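# Commentary on secondary and tertiary structure
Each chain, written out:
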Amino acid sequence: MNRVLIGCVIATSAVLAGIGLAGTGWAADKAKATKPAAHAAAPAAPAAAPAAAPAAAGSQDNSKPPTDLVKATPKGKLKNPYQDTDADAVKAGQGVILSYGCSGCHGGGGGGGMCPPLTNDTWVYDGDDDTLFRLVTLGTDELQKNGYVRHGRENVVGPMPPMGTIIKTSDDLWKILAFVRSKYSGDPKYKFGTPESEKAPPSD
């Protein structure tokens with residue numbers, strides 16, 4: 001009976017002190033178990049997690065799903081944080097394309113299949129970051145409902161399905177687009193879409 005009571009005292013003391021039972025010494029004798037420690041060290045406080053860097057005003061949260069980022073960002077304001085000259089981002093983008101099954105329509109290396117290629121010089125709706133991101137996220141039907149029109153034509157024409165609910169994060173999509181842009185083979189003047197100087201003024 002005494003051993004049961006002593007065991008309860010040990011367990012209760014361990015919980016109140018905030019320490020694990022595994023370190024209290026299950027084989028300690030009765031005298032040591034009942035004698036309070038003279039100068040027991042207070043349990044160390046847990047290390048504080050590093051503070052997150054504050055987001056800059058107007059910055060886009062690329063951890064969001066693409067559909068959420070599109071809804072939260074005014075038209076024309078989406079910007080790819082990755083350059084097509086960033087070898088790591090381009091390589092990652094190629095891997096992401098394969099992981100989401102994009103090759104099933106666009107070919108293994110993005111060179112086309114039953115849908116247009118990703119690796120030529122044609123921007124169907126334009127080649128700026130914002131338009132490409134919305135095209136993949138919303139799909140062609142919804143993009144057209146938002147006022148976008150075709151600029152280029154492909155030999156193979158197929159509707160782009162909305163991938164914004166399939167691609168997990170905007171960061172994944174930006175890497176895909178970095179890969180696509182790295183494969184652009186046309187006039188460098190149009191690598192990033194129609195230059196501002198050549199765009200038609202907005203209609204009233």
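Quick look at the structure, then. Every value quoted in this text rests on a predicted model; they were computed, and no experiment measured them.

Calculation notes
- Residues numbered from 1 in each chain as written.
- Predicted model: local features only at pLDDT ≥ 70, side-chain atom pairs only at ≥ 80, totals over all residues.
- Heavy atoms only, no water.
- Phe/Tyr/Trp six-rings, centres within 6.5 Å; stacked < 30°, edge-to-face > 60°.
- Helix = DSSP H or I, 4+ residues; strand = E, 2+ residues; numbered from the N terminus.
- Buried < 20%, exposed > 50% of the residue type's maximum accessible area, 1.4 Å probe, protein only.
- Lys NZ or Arg CZ within 6 Å of the ring centre and 35° of its normal.

## Structural notes on the packing of aromatic side chains
Evaluated as defined, the whole model comprises 2 aromatic pairs. Their ring planes at 5 degrees and their centres at 5.5 Å tell us that W123 and Y184 sit as a pair that is stacked. Pair noted here: W123 is in the loop between α5 (103–106) and α6 (129–145) and Y184 is in the segment after α7 (170–182), with a separation of 61 residues, a long-range link. With respect to burial, W123 and Y184 carry one shared label: buried. An angle of 35 degrees between the planes, with centres 4.4 Å apart, marks the rings of F133 and W174 as tilted. In this pair, F133 is assigned in helix α6 and W174 in helix α7, connecting sequence segments 41 residues apart. The class of F133 is buried, set by a relative accessible area of 0%. A relative accessible area of 0% means that W174 is categorised as buried. Lying over the aromatic face of Y148, K75 brings its terminal NZ or CZ to 4.4 Å of the ring centre.

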